[in-house]
Amino acid sequence: MTSADAANYYFKKAARIMDVGERIETLLVTPLREVKAQVSIELDNGEIRTFQGYRCQHDNSRGPMKGGLRYHPQVDASEVLGLASLMTWKTAVVNLPYGGAKGGITVDPSTLSLKELERLTRKFVDQIHDVIGPTRDIPGPDMNTNPQVMAWIMDQYSKYHGHAPAVVTGKPVELYGSRGRETATARGLLAVCRQILQDVGLPMKGMRFAVQGFGNVGSHVSRLFHDAGGLLVAVSDVHGGVQNPAGLDVPGLFEHVRRHGSVKDFGGGTACTNEEVLTADCDVMVPAALGGVVNKQIAKEVRARIVLEGANAPCTPEADEIFEQRGVLVVPDILANAGGVTVSYFEWVQNLQHVTWDEERVNGELDRMMAEAYEKVGQISRSRKLPLRTSAYVLAIGRVGKATVLRGI
Ligand code: NAD
């Protein structure tokens, strides 16, 4: 099953329950536009290298399209399409005036120098500048892209179209970025986690959690959940993992990562595999790295009571079915990790209005919007006796479908 098939699987499941009809289903799953671009650059040693870039614009019925830009060797047309459709449903769940898009370049950026990365980014913008823009499609950061990459995008786009900070979000705070953007996805996960713990009657203090991935999402989840009273019992990154059932020393772990660039070999616990992190004995498991890592086999072995999807599409549809049968609560990506795009939206609003919000306002608005989305999804789940994922899709499809019909086809 491709990434796009997996994303459509959940869409179809909810669409059938809603009885939207085959024609509207087809309209809603079909992307508006898919761009595949050649991105050729000269490396520092004078060699020419050609990379493949993608931008998929899935749906714009609720507003300009929004979605991250990923630099990863696994990026392909199918992955980008699946992730673009997730953005359509995610922006609708949190009720942002956006549609969905996603992009990426098939590259391992760790093999490029900073100058090569800059040339690659600028060249990609040369290829897609006429289809993106503050009122068309607004990229943002995703795996292996960061505020510096976003700054280059803004600069390159502005060379064609004039000063336009609102063309991209996740920029450095010193260059039209929003305060609170860096921690936004993790903060949104915390807001949702607090509510679901309350619903199942588990206290936040002493709650045992495991995190796969220690990048933007995983590292901030580790710190924020720890600061809120949680015990981090297992964590991993691409190099390896570490576990301690009594709880890892999180400030010490950050210091170790600062020095060695990985959680691997942290002295405050014992080494473990990525799989052991996913199946750790804990209350909440947060996959915050790649998609598709929680498969059928792993789902049978997961010991957590709650799976909080920090990554996009970390659980395969087969795993999702097993969780449903086993009574493991899954908070779906399109709700759980929507904090990032929500603060990206705040950044866009600030850029368009030429104002700057303080962090307190950003965090307050974020908490409010996440609570509202959780409440709406929960209402559907309770009244229609559906899992949270299907309920989130029901909410999103209803909103996107209504906008599509109101605008006229
Ligand atoms: P990142 O590049 O900052 O970090 C990725 C982390 O995953 C790194 O620690 C890396 O070592 C680890 N990793 C990579 N391959 C791994 C593997 N095979 N096993 C274990 N760990 C591995 O990326 P990020 O921004 O934190 O994004 C992580 C996930 O969250 C992605 O799925 C992304 O789409 C999703 N997401 C991110 C945001 C955001 O605001 N950054 C918002 C919503 C969703």
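Residues numbered from 1 in each chain as written. Predicted model: local features only at pLDDT ≥ 70, side-chain atom pairs only at ≥ 80, totals over all residues. Heavy atoms only, no water.

**Focus: the overall build of the protein chain**
Okay, step 1: Scanning the protein chain from terminus to terminus reveals 15 helices and 12 strands.
Okay, step 2: Computed over its C-alpha atoms, the radius of gyration of the protein chain comes to 20 Å, within 12% of the 22 Å expected for a compact globule of 409 residues.
Okay, step 3: Reported as C-alpha extents along the three principal axes, the dimensions of the protein chain are approximately 55 × 55 × 40 Å.
Okay, step 4: Of all 409 residues assigned to the protein chain, the portion counted as buried reaches 59%.
Okay, step 5: Of all intrachain contacts in the protein chain linking residues separated by at least 6 positions in sequence, the fraction that spans at least 24 positions is 67%.
Okay, step 6: Of the roughly 17000 Å² of accessible surface on the protein chain, 49% is carried by carbon and sulfur atoms.
Okay, step 7: Put simply, the protein chain has 45 plus and 46 minus side-chain charges, and the middle of one group is 4 Å from the middle of the other. (Helix = DSSP H or I, 4+ residues; strand = E, 2+ residues; numbered from the N terminus. Rg over C-alpha atoms; globule rule 2.2 N^0.38 Å. Buried < 20%, exposed > 50% of the residue type's maximum accessible area, 1.4 Å probe, protein only. Contact = heavy atoms within 4.5 Å. Areas by Shrake-Rupley, 256 points an atom, 1.4 Å probe, with all protein chains shown as cover. Lys, Arg positive; Asp, Glu negative; His and termini not counted. Charge placed at Lys NZ, Arg CZ, Asp CG, Glu CD.)

**Quick word on the nonpolar core**
Okay, step 1: Counting 78 residues, the largest nonpolar core has Phe225 and Leu308 as its most contacted members.
Okay, step 2: Tallying contributions element by element places helix 6 (residues 181–200) first for this core, with 9 residues.
Okay, step 3: Not counting residues up to four positions away in its chain, the partners in contact with leucine 308 are Leu189, Val192, Cys193, Phe225, Val284, Met285, Val286, Pro287, Val331 and Ala336.
Okay, step 4: Ile41, Leu112, Ile132 and Trp152 belong to the second-largest nonpolar core, a separate cluster that totals 26 residues. (Core = buried A, V, L, I, M, F, W, Y, C linked by side-chain atoms within 4.5 Å.)

**As for the pattern of salt bridges**
Charged atoms that come close allow side chains of opposite charge to pair.
Okay, step 1: The final tally for this structure, using the stated rule, is 25 salt bridges.
Okay, step 2: Linking glutamate 255 and arginine 258 is a salt bridge whose minimum nitrogen-to-oxygen distance equals 2.8 Å. Of this pair, glutamate 255 and arginine 258 both sit in helix 8 (residues 250–260), 3 residues apart, roughly one helical turn.
Okay, step 3: When its relative accessible area of 61% is taken as the criterion, arginine 258 is described as exposed.
Okay, step 4: Between glutamate 365 and arginine 368 there is a salt bridge, and its shortest N-O distance comes to 2.9 Å. Note that glutamate 365 and arginine 368 are positioned in helix 14 (residues 359–384) at a spacing of 3 residues, about one turn of the helix.
Okay, step 5: Of the residues examined, glutamate 365 reaches a relative accessible area of 24% and is grouped as partly exposed.
Okay, step 6: Here the residues in one salt-bridge network are Lys115, Glu118, Arg122, Asp155 and Lys159, joined through shared partners. (Salt bridge = Lys/Arg side-chain N within 4 Å of Asp/Glu carboxyl O.)

**Things to note about the sheet that holds strand 3 (residues 65–72)**
Okay, step 1: Taking strand neighbours across the sheet as the criterion, the 5 strands line up as 1-2-4-3-5 in an open arrangement whose pairing is mixed. Strand pairing shows two members of the sheet lacking a second neighbour, strand 1 (33–42) and strand 5 (137–141), which therefore form its edges. With direction set aside, neighbouring strand axes in the sheet form an average angle of 25°.
Okay, step 2: Where strand 1 and strand 2 (residues 48–59) come together, 10 bridges link them in antiparallel fashion. The partner of glutamate 34 across the bridge, within strand 2, is cysteine 56.
Okay, step 3: Helix-sheet contacts for helix 3 (residues 77–93) involve strand 1, strand 2, strand 3 and strand 4 (99–106), and the interaxial angle to strand 4 is about 150°. (Pairing = 2+ DSSP bridges. Axes fitted to C-alpha atoms, helices over the stretch in contact; angles between N-to-C directions.)

**Some remarks on helix 6**
Okay, step 1: Taking 1.5 Å of rise per residue, 20 residues should cover 28 Å, and helix 6 covers 29 Å from first to last C-alpha, within 8% of that figure.
Okay, step 2: Looking one or two places after helix 6, you find glycine 201, whose phi comes out positive at around 75°. (Expected span 1.5 Å × (residues − 1).)

**Details of the packing of helix 4 (residues 114–128) against helix 5 (residues 147–161)**
Between two packed helices, the angle of one axis relative to the other and the distance separating the axes together describe the packing.
Okay, step 1: Interhelical geometry of helix 4 versus helix 5 gives an angle of 45° and a closest axis separation of 9 Å. Between helix 4 and helix 5, the angle falls in the class oblique. As helix 4 packs across helix 5, the resulting crossing turns out to be right-handed. Contacts between helix 4 and helix 5 involve Leu114, Leu117, Glu118, Thr121, Arg122, Val125 and Asp126 from the former and Val149, Trp152, Ile153, Asp155, Gln156, Tyr157, Lys159 and Tyr160 from the latter.
Okay, step 2: In terms of residue class, the contact of helix 4 with helix 5 is built from 8 nonpolar, 2 polar and 5 charged. (Parallel < 35°, antiparallel > 145°, perpendicular 65-115°, else oblique. Left-handed = near helix turned anticlockwise from the far one by under 90°. Nonpolar A, V, L, I, M, F, W, Y, C, P; charged D, E, K, R; others polar.)

**A few points about the site of the ligand**
Okay, step 1: The local shell around the ligand holds 22 residues, among which Arg70, Thr185, Phe214, Val217 and Asn312 are the closest.
Okay, step 2: Contacts to the ligand include valine 238, whose backbone N or O atom sits 3.0 Å from an oxygen atom.
Okay, step 3: Asparagine 274 places a side-chain nitrogen or oxygen 3.1 Å from a nitrogen atom of the ligand.
Okay, step 4: Elements supplying a minimum of two residues to the shell around the ligand: helix 6 and helix 7 (216–227).
Okay, step 5: Taken together, the residues of the shell around the ligand break down into 8 nonpolar, 10 polar and 4 charged.
Okay, step 6: Viewed by domain, the shell around the ligand spans two of them, domain 1 (3–164) and domain 2 (184–326), each represented by three or more residues. (Near = heavy atom within 4 Å. Polar contact = N/O pair within 3.5 Å; in protein donor to acceptor, adjacent residues only side chain to side chain. Domains from an automatic or database assignment.)

**Here we look at a nonpolar patch on the surface**
Okay, step 1: Taken together, the side chains of Leu27, Val405 and Ile409 present a nonpolar region at the surface, about 310 Å² in accessible area.
Okay, step 2: Relative to the elements of secondary structure, valine 405 occurs in helix 15 (residues 388–407). (Patch = residues over 30% accessible without salt bridge, like charges linked within 9 Å, V, L, I, M, F, W, Y side chains within 5 Å.)

**So, the side chain of serine 219**
Okay, step 1: Relative to the helices and strands, serine 219 is located in helix 7.
Okay, step 2: Within polar-contact distance, the side chain of serine 219 engages the backbone oxygen of glycine 215 at 2.7 Å.
Okay, step 3: Beyond its immediate stretch of four places on either side in the chain, serine 219 contacts Gly213, Phe214 and Phe254.

**Quick look at the domain arrangement of the protein chain**
Okay, step 1: For the protein chain, the assigned domains are domain 1 (3–164) and domain 2 (184–326).
Okay, step 2: Computed from C-alpha atoms alone, the centre-to-centre distance between domain 1 and domain 2 is 27 Å.
Okay, step 3: Opposite the 12 residues of domain 1 that make contact, domain 2 presents 10 residues.
Okay, step 4: Interface of domain 1 and domain 2: buried area, both sides summed, is about 800 Å²; carbon and sulfur atoms make up 49% of it.
Okay, step 5: Applying the counting rule to domain 1 against domain 2 returns 2 salt bridges. (Buried area = accessible area lost by both parts, 1.4 Å probe.)

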